[in-house]
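Spelled out from the first residue to the last, the chains are:
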Amino acid sequence: MRNKDENKELTIREKAIELIVKEGFDGLSMQKLAKEANISASTIYIYFKNREDLLNQLYLSVQEKFERDALTNFTPDMPFAEGLWLQWKNRFKNICQNPLEYQFYEQFRNSPLINHKDIKPSVFRKLMNDFVDNAIKKGELVNIPAEQYWAIAYGPFYTLVKFHFDHSSMAGKPFTLTEQKLKQTFSLVVKSLHP
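Residues numbered from 1 in each chain as written. Predicted model: local features only at pLDDT ≥ 70, side-chain atom pairs only at ≥ 80, totals over all residues. Heavy atoms only, no water.

**Let's talk about the environment of threonine 176**
As for its position among the elements, threonine 176 is in the loop between helix H8 (146–166) and helix H9 (179–193). The exposure class assigned to threonine 176 is partly exposed, which follows from its relative accessible area of 45%. C-alpha separation for the pair threonine 176 and phenylalanine 163, spaced 13 residues apart in sequence, amounts to 7.5 Å. Not counting the four nearest positions on each side in its chain, threonine 176 is found in contact with His164 and Lys181. (Helix = DSSP H or I, 4+ residues; strand = E, 2+ residues; numbered from the N terminus. Buried < 20%, exposed > 50% of the residue type's maximum accessible area, 1.4 Å probe, protein only. Contact = heavy atoms within 4.5 Å.)

**Describing the nonpolar core**
In terms of nonpolar packing, the biggest core is built from 33 residues, with Leu84, Trp88 and Tyr149 touching the most fellow members. Counting residues per element, this core draws most heavily on H8, which supplies eight residues. Non-local contacts of tryptophan 88, meaning those with residues more than four positions away in its chain, are made with Ala153, Tyr154, Pro156, Phe157, Leu182, Thr185, Phe186 and Val189. Counting 26 residues, the second-largest nonpolar core is a separate cluster that includes Ile12, Ile20, Tyr47 and Val62. (Core = buried A, V, L, I, M, F, W, Y, C linked by side-chain atoms within 4.5 Å.)

**Some thoughts on the packing of helix H4 (residues 51–70) against helix H6 (residues 99–110)**
Between H4 and H6, the least distance of the axes is 10 Å, while the angle of their chain directions is 120°. Between H4 and H6, the angle is such that the two are oblique. As for how H4 packs across H6, the hand of that crossing is left-handed. Contacts between H4 and H6 pair Leu55, Asn56, Leu58, Tyr59, Val62 and Gln63 from the former with Glu101, Phe104, Tyr105, Phe108 and Arg109 from the latter. (Axes fitted to C-alpha atoms, helices over the stretch in contact; angles between N-to-C directions. Parallel < 35°, antiparallel > 145°, perpendicular 65-115°, else oblique. Left-handed = near helix turned anticlockwise from the far one by under 90°.)

As structure tokens, then:
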């Protein structure tokens, strides 16, 4: 068995994400990936069992980095407005620093072609749930179902992120997301979630 080379593995991961973002999951074949990474197709199998293993490992590593970044300076017992604002800022920073990974992550999460059974809930999800529960107990947050909370708390954020990456609003006007625009929208979100 050949030794693993961290640089080759990193190149395989980066090229796989680039291909998926550019051409979708159907555009990713091991042959095409090998050509993009300038290696033989058999080299990929030193690092990944098969295509599904590659996709799951990519997702897990992107998710792990996103969660680590999102939790920077965050605790579930923070005041609600402060904690949610920190989540918005941390998430936006991660997305801007890792745009291809973000696009891959969204494609993976929303793809019916991917078997999600191997993806287990993370500590991150528990911390987010604890944060919401604490805010409700402290009377800082209206008690609504999780789906409605998520739609109100993060829906506007991710809509603005989409406009930012499209460089255009729904009306086709040029758009760049600034901290001022983010904060203005955030203020309206917090107001709508206050009991």
